[in-house]
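Single-letter residue listing:
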Amino acid sequence: MTTQEQIQDYINSQPELKRNDMQELHNIILELIPDCQLWFLDGKNDENKTVSNPNIGYGSYVMQYAGGKTRDFYQIGMSANTTGISVYIMNIGDKTYLSETYGDKIGKASVTGYCIKFKALKDINIEILKAAILDGLKE
């Protein structure tokens with residue numbers, strides 16, 4: 001199964017309202033970064049244990065860990081959670097930047113160091129979300 005097929009299966013597996021929002025958000029991200037590398041992480045570790053929600057990734061950057069280890073990872077991520085959708089903006093070093101820059105403007109969302117979590121797209125300002133995503137694409 002291709003990455004695109006895995007992504008579509010994951011989106012299609014969601015309840016209708018969440019599925020519609022995730023499909024719209026997937027399309028928005030692809031409009032912002034049309035030629036990006038796509039990722040699909042099933043949320044399982046090397047021992048096939050579930051360690052996180054499955055997530056879709058867009059773009060690529062080198063993530064640096066403590067101790068100097070690095071690995072390629074996505075810049076923008078999206079996943080369903082129990083109450084809605086999470087958007088991950090991974091390539092921002094300052095963990096207060098997202099909440100300070102977008103927290104008051106985005107609408108009904110929880111904004112942390114690298115995650116914007118909301119119940120539905122109708123609850124947030126899409127243009128502000130796009131601006132945050134574009135911020136995560138800067139190197």
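Residues numbered from 1 in each chain as written. Predicted model: local features only at pLDDT ≥ 70, side-chain atom pairs only at ≥ 80, totals over all residues. Heavy atoms only, no water.

Colleague: Looking at this structure, how should I read the overall build of the protein chain?
Modeller: A count of helices and strands for the protein chain gives four helices and eight strands. Since a compact globule built from 139 residues should have a radius of gyration of about 14 Å, the 15 Å found for the protein chain is in line with a globular shape. Dimensions along the principal axes, computed over C-alpha positions, put the protein chain at roughly 40 × 40 × 30 Å. Here the protein chain holds 139 residues, and the buried ones make up 44% of them. For the protein chain, the share of sequence-separated contacts (at least 6 apart) that also reach a separation of at least 24 residues comes to 45%. Accessible surface computed for the protein chain: about 7,900 Å², of which carbon and sulfur atoms make up 48%. Placing the 14 positive and 18 negative side-chain charges of the protein chain at their respective mean positions leaves the two points 7 Å apart. (Helix = DSSP H or I, 4+ residues; strand = E, 2+ residues; numbered from the N terminus. Rg over C-alpha atoms; globule rule 2.2 N^0.38 Å. Buried < 20%, exposed > 50% of the residue type's maximum accessible area, 1.4 Å probe, protein only. Contact = heavy atoms within 4.5 Å. Areas by Shrake-Rupley, 256 points an atom, 1.4 Å probe, with all protein chains shown as cover. Lys, Arg positive; Asp, Glu negative; His and termini not counted. Charge placed at Lys NZ, Arg CZ, Asp CG, Glu CD.)

Colleague: How do you make sense of helix α4 (residues 126-137) when you look at a structure like this?
Modeller: Counting along an α-helix, one turn takes 3.6 residues, and residues three or four places apart therefore face a common direction. Over its twelve residues, α4 runs 17 Å from end to end, which matches the ideal 16 Å to within 8%, given 1.5 Å per residue. Along α4, the residues that are buried comprise I128, L129, A132, I133, D135, G136 and L137. Check the buried side of α4 and you find it contacts α2 (16-32), β5 (76-80), β6 (85-89), α3 (97-102) and β8 (115-118). Its side-chain oxygen placed 2.9 Å from the backbone nitrogen of E127, N125 serves as the N-cap of α4. (Expected span 1.5 Å × (residues − 1). Polar contact = N/O pair within 3.5 Å; in protein donor to acceptor, adjacent residues only side chain to side chain.)

Colleague: Explanation requested: the pairing of β6 in the structure shown.
Modeller: Consecutive side chains along a regular strand alternate between the two faces of the sheet. Summarising burial for β6: five of the five residues are buried, a large majority. Every second residue of β6 is oriented toward a common face, with I85, V87 and I89 on one face and S86 and Y88 on the other, all of them buried.

Colleague: What is the right way to look at the pairing of strand β4 (residues 70-73) in this model?
Modeller: The pairing of strand β3 (residues 61-64) with β4 spans four bridges and is antiparallel. Within β4, the position partnered with Q64 by the bridge is T70. Hairpin connection from β3 to β4: five residues lie between these consecutive antiparallel strands, with G67 at a positive phi of about 90°. (Pairing = 2+ DSSP bridges.)

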